[in-house]
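Examining the three-dimensional arrangement
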Amino acid sequence: MFKKALIATAVAATLAPCIATAAESSPHTLTGNVGFFSQYIFRGLTQTDTDPALQGGIDYSHSSGIYLGTWGSNVSQSLYNPANMEWDFYGGWAKTFGDFGVNVGALLYYYPGGEPAPGEKYDTTEVYAGGSWKWLSAKLSYAVTDFFGGNQTTFPASFSEGSDGSMYVELNATFPINEALSISAHIGQQTVEGTAPGVDLDYSDFKIGVNYLWGGFNFGLAYKDTDAEEANYTYLKGAESVFIGDSAVILSVGKTF
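Right, let's walk through the structure included here. If you're wondering where the values come from, they're calculated on a predicted model, not measured in any experiment. (Residues numbered from 1 in each chain as written. Predicted model: local features only at pLDDT ≥ 70, side-chain atom pairs only at ≥ 80, totals over all residues. Heavy atoms only, no water.)

1. Quick word on the environment of Ser 38
Test applied: Secondary structure elements follow DSSP: runs of H or I of four or more residues count as helices, runs of E of two or more count as strands, with numbering from the N terminus. Throughout, a contact is declared for two residues whenever any of their heavy atoms are within 4.5 Å.
When you line up the elements, Ser 38 lands in the loop between strand S1 (28-37) and strand S2 (41-42). Residues Ser 38 and Ile 244, spaced 206 residues apart in sequence, show a C-alpha to C-alpha distance of 15 Å. Look past the residues within four positions of Ser 38 in its chain and what remains in contact with it is Thr 50, Asp 51, Pro 52, Val 249, Ile 250 and Leu 251.

Set out below in C-alpha cells:
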C-alpha cells in the first residue's frame, strides 16, 4: 500500500531529471530502488498483516517519455493465499511541459501462485492516467480485470458479479521545505464494482507524512487511516481478527540508485 501509488510517484519523480540528462548524453536511463517499510500499505490497507516489508524495483525510461518497470514486495499469505510476494509490471508514457506533467500507462499486479479459489487469480490489471502541477498530482486508476480476484465465484458472499470497472481516484501533494526536507499528503477514493446487495466495499483513505534525505537515503514517517467498513475488511488469521484498514504509523528508509 505505499504501494502502487509509490510506483507512479517514483516514475514521475525520476522522469524529469532523466529527460534533462538525456539531452546531454544517452536518451536511455536505467534506475533502481530499494526500501524497507514498517508495513506495506496499499491504498490505505495493510498488505503484510502490519509486518515489515522489503521492496524494490527497476525502471527504464527514454527521453521520448516512454517508460517500463518492475517492482516487488513481500505480502501476507493470509491475504493472498498461498502467495507471499507481489510482483508488478508497468509501462506507459510521461512527459513534463514546464510546471505541468502528464502520465498514462498500464500496471499488472501479479501474485505468483496466489489462488482465492481453484482456477481463479488475485492478479489484476489497471490502466491509469494522471496529471501534475508543480508539487500537486492527481491520478485515476481503472481495473480492466476482476479487482484482486473479486467475483461471484471466489467470494460469493461479497460479490454478485465480476469486479472489473473498479476505480481509484487520488490526489497527492509533496511540498519541499528545503533541499532535504519535504512534507506530503494524500487522499484517495476506492470504488469496487460487482458487490452483492448490502455489501459496500467502497472507502476513502488519507495519509500525511514527512521525508528527509540524508546520506543518499530517504527516511520517511507517515500516518494513514481509512473509513473502510471494519466488517468488510476484517479477516481471521488463526484465532486473531485483523482489520486491514486500521489507522497506522509507517516508518521507512529507501534509496534510489
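2. Section: the packing of aromatic side chains
Using the following cut-off: Pairing of aromatic side chains here covers Phe, Tyr and the six-membered ring of Trp, requires ring centres within 6.5 Å, and sorts the geometry by plane angle: under 30 degrees stacked, over 60 edge-to-face, intermediate tilted. Exposure categories follow from relative accessible area, calculated using a 1.4 Å probe and restricted to protein chains: below 20% of the type maximum is buried, above 50% is exposed, and the middle band is partly exposed.
The full count for this structure, using the stated rule, is 15 aromatic pairs. Their ring planes at 40° and their centres at 6.4 Å tell us that Trp 87 and Tyr 110 sit as a pair that is tilted. Of this pair, Trp 87 sits in strand S6 (residues 85-97) while Tyr 110 sits in strand S7 (residues 100-110), and the two are 23 residues apart along the sequence. Given the relative accessible area of 35%, Trp 87 is considered partly exposed. Relative to Phe 148, the ring of Tyr 109 has its centre 5.2 Å away and its plane inclined at 40°; by these criteria the two rings are tilted. Of this pair, Tyr 109 sits in strand S7 while Phe 148 sits in the loop between strand S9 (136-143) and strand S10 (167-176), and the two are 39 residues apart along the sequence. Both residues of the pair, Tyr 109 and Phe 148, belong to the buried class.

3. Concerning the sheet that holds S1
Either a parallel or an antiparallel arrangement is found when strands of a sheet pair, and the pairing is made through backbone hydrogen bonds. Convention followed: At least two DSSP bridges between two strands are needed for those strands to be called paired. To define axes, lines are fitted to C-alpha atoms, for helices over the stretch in contact only, and angles between the resulting N-to-C directions are given on a 0 to 180 degree scale.
The strand order S1-S4-S5-S6-S7-S8-S9-S10-S11-S12-S13-S16 describes a closed barrel built from 12 strands, whose pairing is antiparallel. When strand polarity is set aside, the average angle formed by the axes of neighbouring strands in this sheet is 20°. Pairing of strand S4 (residues 53-62) with strand S5 (residues 66-74) involves seven bridges; the strand directions are antiparallel. Opposite Ser 61, over in S5, you have Tyr 67 as the bridge partner.

4. A look at the side chain of Arg 43
Just so we agree on the cut-off: Here a polar contact means two N or O atoms within 3.5 Å. Within protein one must be a hydrogen donor candidate and the other an acceptor candidate, and residues neighboring in sequence count only if both atoms are side-chain atoms.
Inspection of the secondary structure assignment puts Arg 43 in the loop between S2 and strand S3 (45-46). Polar side-chain contacts of Arg 43 include one of 2.8 Å to the side chain of Glu 126. A polar contact is formed between the side chain of Arg 43 and the side chain of Gln 190, at a distance of 3.0 Å.

5. Re the pairing of S4
Of the two faces of S4, only the one carrying Ala 53, Gln 55, Gly 57, Asp 59 and Ser 61 is buried; Leu 54, Gly 56, Ile 58, Tyr 60 and His 62 on the other face are not. Sheet topology note: the S1/S4 ladder contains 10 bridges and is antiparallel. For Leu 30, the partnering residue across the bridge sits in S4 and is Tyr 60. Taken together, S4 and the strand that follows it, S5, pair antiparallel across an intervening segment of three residues, in which Gly 65 is found at a positive phi of about 110°.

6. So, unusual backbone geometry
The amide bond that connects Asn 81 to the next residue, Pro 82, takes the cis arrangement and shows omega of -5°. With respect to the helices and strands, the residue Pro 82 is situated in the loop between S5 and S6. One non-glycine residue, Arg 43, adopts positive backbone phi at about 50°. Note on Arg 43: relative accessible area 7%, which makes it buried. The backbone of Phe 148 sits at a positive phi, close to 50°, despite the residue not being glycine.

Geometric descriptors of this kind do not, in isolation, establish any biological role.
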